[in-house]
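# Structural description and commentary
Letter by letter, the chains look like this.
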Amino acid sequence: DKYRRAIWRCNGKYKGESKCGTYHLYEEDIKRHFLSAVGKLMTDRERLLDDCDTMRETLLAAADEIDRECETLIEKMDTVSALTERLIAENASTAMSQDEYNRRYDGFSERYNKAEKRCEALKRRKVTLLFEVDMVECFMTEIRLMPELPTGFNESHWNALVDHVTVYADDRMVFSFKNGSEITENF
């Protein structure tokens, strides 16, 4: 109703020995500062979009590099598997020192596991990179669809553009956007 206002405050405002010293913020003020920050962000829309496109291309190139490295690792794993199978066949068909067999088998196994772990880590990194590509593309789409200077708060703009906002006790609010830009607003 007209007598109630939404406020935001730090979760640590009243907890523990060292309580947070930031003020509570009215939601309307956050929205107003967001619009101001977006206005500053959009000062040079074309450069902003070009920078985002460069970031997107860099992320995609890194993902492609991961694919190439994984292909190399998979070839290495296939080679080590073939060597392991040959070692097992050799051990089964000829007399071989079991200490020598175990040493060679453990070496192959270690090489295979190391390559497999690296490939799995690279695949996880690629998922993260592709998520970042999606975020940048969403950011770019939202920037393209926005009017030159937004006049009213739009939640979809907030969700597509803002990564997080940090509020400081010295009356600063720093908007961190999903393209890596940071804009400081004083309240």
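Just so we're clear, the structure is a prediction, and the values are computed from it rather than from any experiment. (Residues numbered from 1 in each chain as written. Predicted model: local features only at pLDDT ≥ 70, side-chain atom pairs only at ≥ 80, totals over all residues. Heavy atoms only, no water.)

Glancing now at the nonpolar core. With 33 residues, the main nonpolar core has F34, V38, L41, F139, I143, L161 and F177 as its most contacted residues. Beyond its immediate stretch of four places on either side in the chain, L161 contacts F34, V38, F139, E142, I143, M146, F177 and K178. V80, L87, M96 and Y101 belong to the second-largest nonpolar core, a separate cluster that totals 5 residues. (Core = buried A, V, L, I, M, F, W, Y, C linked by side-chain atoms within 4.5 Å. Buried < 20%, exposed > 50% of the residue type's maximum accessible area, 1.4 Å probe, protein only. Contact = heavy atoms within 4.5 Å.)

The next subject is the sheet that holds strand β5 (residues 182-186). Pairing between sheet strands relies on hydrogen bonds along the backbone, with the strands arranged either parallel or antiparallel. Judged by pairing direction, the sheet is antiparallel, and its 3 strands sit side by side in the order β3-β4-β5 without closing on themselves. The open sheet has two edge strands, β3 (162-168) and β5, and neither has a second partner. Averaged over neighbouring strand pairs, the angle between their axes works out to 20 degrees when direction is ignored. Relative to strand β4 (residues 172-177), β3 is paired through 6 bridges, and the arrangement is antiparallel. When the bridges of β4 are listed, V167 appears paired with M173. (Pairing = 2+ DSSP bridges. Helix = DSSP H or I, 4+ residues; strand = E, 2+ residues; numbered from the N terminus. Axes fitted to C-alpha atoms, helices over the stretch in contact; angles between N-to-C directions.)

Structurally, the position occupied by T84 is in helix α2 (residues 45-93). Of the residues examined, T84 reaches a relative accessible area of 15% and is grouped as buried. For T84, the contacting residues outside a window of four places in its chain are Y105 and F108.

Next up on the list: the state of the cysteines. Considering all chains together, one arrives at 0 disulfides under this definition. Cysteine C10 shares no disulfide, and the gap to the nearest cysteine sulfur, in C20, comes to 3.6 Å. Residue C119 stays outside any disulfide, its sulfur separated by 3.1 Å from that of C70, the closest cysteine. (Disulfide = S-S within 2.5 Å.)

With that settled, consider the environment of L35. The residue L35 is located in helix α1 (residues 27-41) in this model. Of the residues examined, L35 reaches a relative accessible area of 18% and is grouped as buried. Counting along the chain gives 79 residues from L35 to K114, while the straight-line C-alpha distance between them is 50 Å. In contact with L35, not counting residues within four places along its chain, are P150, T151, G152 and F153.

So, about the packing of α2 against helix α3 (residues 98-145). Where α2 contacts α3, the two axes come as close as 8 Å, and the packing angle between them is 160 degrees. The angle between α2 and α3 falls in the class roughly antiparallel. Relative to α3, α2 is oriented so that their crossing is left-handed. By residue class, the composition of the contact of α2 with α3 is 31 nonpolar, 4 polar and 17 charged. (Parallel < 35°, antiparallel > 145°, perpendicular 65-115°, else oblique. Left-handed = near helix turned anticlockwise from the far one by under 90°. Nonpolar A, V, L, I, M, F, W, Y, C, P; charged D, E, K, R; others polar.)

Attention now goes to the layout of surface pockets. Roughly 380 Å³ of volume is contained in the largest pocket. Looking at the lining of the largest pocket, the elements that each hand over two or more residues are α1, α4 (155-161) and β3. The leading source of residues in the lining of the largest pocket is α1, at 3 residues. Residues belonging to the lining of the largest pocket are distributed by class as follows: 10 nonpolar, 1 polar and 4 charged. (1 Å grid on protein atoms, 1.4 Å probe; cavity = no way out; pocket = protein on both sides within 12 Å on 5 of 7 lines; lining within 4 Å. Points joined across faces, edges and corners; volume = space filled by probe spheres on them.)

On their own, these measurements won't tell you what the molecule is for.
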